[in-house]
Amino acid sequence: MILPARKDFDMILDDLNKTYGLNFRQYRTHHNEFDLDKFENEYSSEDIWVIDHTHEGYFPYDSMEKLHKLFDRLKVNRKKIIYVSADLKIKENYKKWLDTTNYEPIFVLGIPQWDSLHWFKWNENHEKQINKIIYNFDQRDKLFLYTNKTMHSFRQRVFNRVKIQGYLDYSYYSAVEYGKTLDEIKIDDEPFYYNNNLYQFYEDSYFEFFVSCDVDESDGRLYMDDKIAKPLIHGHPSISLSNPNTYRTLKEMGYEIFEEIFDYSFDVVVDINDRSQIVFDELKRMVKLWEKDKKQVHNLFMDSLVREKLRYNQNKFLYHNPTFDILRKELLEVIK
């Protein structure tokens, strides 16, 4: 089984070079920083430069300006610069930034950050394990799975609220930065290569709750990362505090969401605090239902349509994932 991973990005560029006689070169950023000296030393006007910033979705204002100033100084052919971000709204957000400057535009593309899945050393029985999750029809001990590693301020705020409400008692949860772990990962484990040992927790819970947004999302990003991918892979419905229109975009990608279980009205709410309240109300509703009648919750998640949707999402992500085919197509269209 081949999971979408960063190496697939490399393979796409290599294949395009060999198939079409192109000369794509990949230049990776480090978090929010561009190594301008390295780029300047390696820059060749003969190459098509793909600037890979797919590990993050935020817009790097300062670094982007420095990069454009370098392009001006080197007299770089902008038609040979392609910036790839994990912000699915990068074209819109780049244009907003560009309109405030006098810089000549470069091409920008946005793809989901599925490549972060290369961090996981999947169990050799991964396929068997994820099938077992979907086809486990037994009553489960916990309502939801709730994993956290680093605790940025907003995620910490959400975690504390979940804790105060007493909802942690209904979950399998981790807070690695606080020393609470499910899979023995430590906060200082870098670069995050670790075994994915969460199968038993997926198998013994009904849905996944997580946070994949932050208060600085006001830049208008739509960032879809491994947190969103993992429920698709493991056969779990999810309800999450993510950027606005995350679930709508999943539907547009061809994935199923679970409107028969959750109220996704929060998905269109722009204000992060208002969106958080609606998500908490939905989490509270599920907890109250669990407290009242666990059997009813079980039947809700074991419904044949729900199981069919989970299987469909899993198959689509693992075997028919269009992300890198789309990237390949867009890269070719850019250089026409």
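Look up a bit, the structure's there.
If you're wondering where the values come from, they're calculated on a predicted model, not measured in any experiment. Note on numbering: residues in each chain are counted from 1, in written sequence order. Selection of residues for local features in this predicted model requires a pLDDT of at least 70, selection of side-chain atom pairs for listing and counting requires 80 or more, and totals for whole chains, interfaces and linings are taken over all residues. Excluding hydrogens and water, the side-chain values take into account all heavy atoms of the structure.

Participant: Just checking my understanding: could you explain the sheet that holds strand E10 (residues 238-241) for this structure?
Facilitator: Think of a sheet as strands paired side by side through backbone hydrogen bonds, with each pair either parallel or antiparallel. Strands were regarded as paired on the criterion that DSSP finds at least two bridges between them. Here a helix means four or more residues in a row that DSSP labels H or I, a strand means two or more in a row labelled E, and each is numbered from the N terminus. Spatial ordering of the open sheet is given by E7-E6-E9-E10, a layout of 4 strands whose pairing is parallel. One side of each edge strand has no neighbouring strand; the edge strands of this open sheet are strand E7 (171-173) and E10. For this sheet, the mean angle separating the axes of adjacent strands, direction not counted, is 20°. As paired strands, strand E6 (residues 144-146) and E7 are joined by 3 bridges and run parallel to one another. Within E7, the position partnered with Tyr146 by the bridge is Tyr173. Each of E6, E7, strand E9 (207-211) and E10 touches helix H6 (residues 153-164); the most contacted strand, E9, lies at about 135° to it. Contacting E6, E9 and E10, helix H10 (residues 272-292) runs over the sheet at an angle of about 150° to E10. Fitted lines through C-alpha atoms serve as axes, helices being fitted only where they are in contact, and the angles separating the N-to-C directions of these axes extend from 0 to 180 degrees. What makes two residues a contact is simply this: any of their non-hydrogen atoms within 4.5 Å.

Participant: Is there a simple way to think about the pattern of salt bridges in this case?
Facilitator: Where side chains of opposite charge bring their charged atoms close, a pairing between them can arise. Whenever Lys or Arg places a side-chain nitrogen within 4 Å of a carboxyl oxygen from Asp or Glu, that contact is recorded as a salt bridge. Under the definition given, this model contains 23 salt bridges. Here Glu42 makes a salt bridge to Arg25, at a shortest N to O gap of 3.4 Å. Placement of the pair is Glu42 in helix H2 (residues 36-42) and Arg25 in strand E1 (residues 24-28), with a sequence separation of 17 residues. Burial here depends on accessible area, computed with a 1.4 Å probe over protein chains only, as a share of the maximum for the residue type. Under 20% is buried, over 50% is exposed, and the range in between is partly exposed. Among the residues examined, Glu42 registers a relative accessible area of 30% and is labelled partly exposed. Across the pair Asp47 and Arg25 runs a salt bridge, and its minimum N-O distance is 3.4 Å.

Participant: I would appreciate a short explanation of the side chain of Arg78 in the present structure.
Facilitator: For Arg78, the position within the fold is in the loop between helix H3 (61-74) and strand E3 (81-85). Whenever a nitrogen or oxygen atom comes within 3.5 Å of another N or O atom, the pair is scored as a polar contact, on the condition that within protein one atom can donate a hydrogen and the other can accept it, and that pairs from neighbouring residues in sequence are kept only if both atoms are in side chains. Within polar-contact distance, the side chain of Arg78 engages the backbone oxygen of Val76 at 2.6 Å. In this structure, Arg78 is in contact with His68, Phe71, Asp72, Glu104, Pro105, Ile106 and Phe107, ignoring residues within four places of it in sequence.

Participant: I keep staring at helix H11 (residues 294-302) and nothing clicks. Help me out?
Facilitator: An α-helix turns once per 3.6 residues; consequently, residues spaced three or four apart project the same way. Within H11, burial applies to Val297, His298, Phe301 and Met302. Along the axis of H11, the buried residues cluster in a sector spanning 125°; they form a single face. The opening residue of H11 is Asp293, an N-cap whose side-chain oxygen sits 3.1 Å from the backbone nitrogen of Lys295. Of all possible arcs, the one meant is that of the directions from the helix axis to the C-beta atoms.

Participant: Looking at this structure, I do not really get the pairing of strand E4 (residues 107-110). What am I missing?
Facilitator: Side chains on a regular strand alternate between the two faces of the sheet. In the sheet, E3 pairs with E4 via 4 bridges, with the strands oriented parallel. Counterpart to Ser85 in the pairing with E4 is Gly110. Seen with its strands pointing away from the viewer, a crossover is right-handed if its path from the first strand over the helix to the second goes clockwise. Each parallel crossover has a hand, and for E3 linked through helix H4 (residues 90-98) to E4 it is right-handed.

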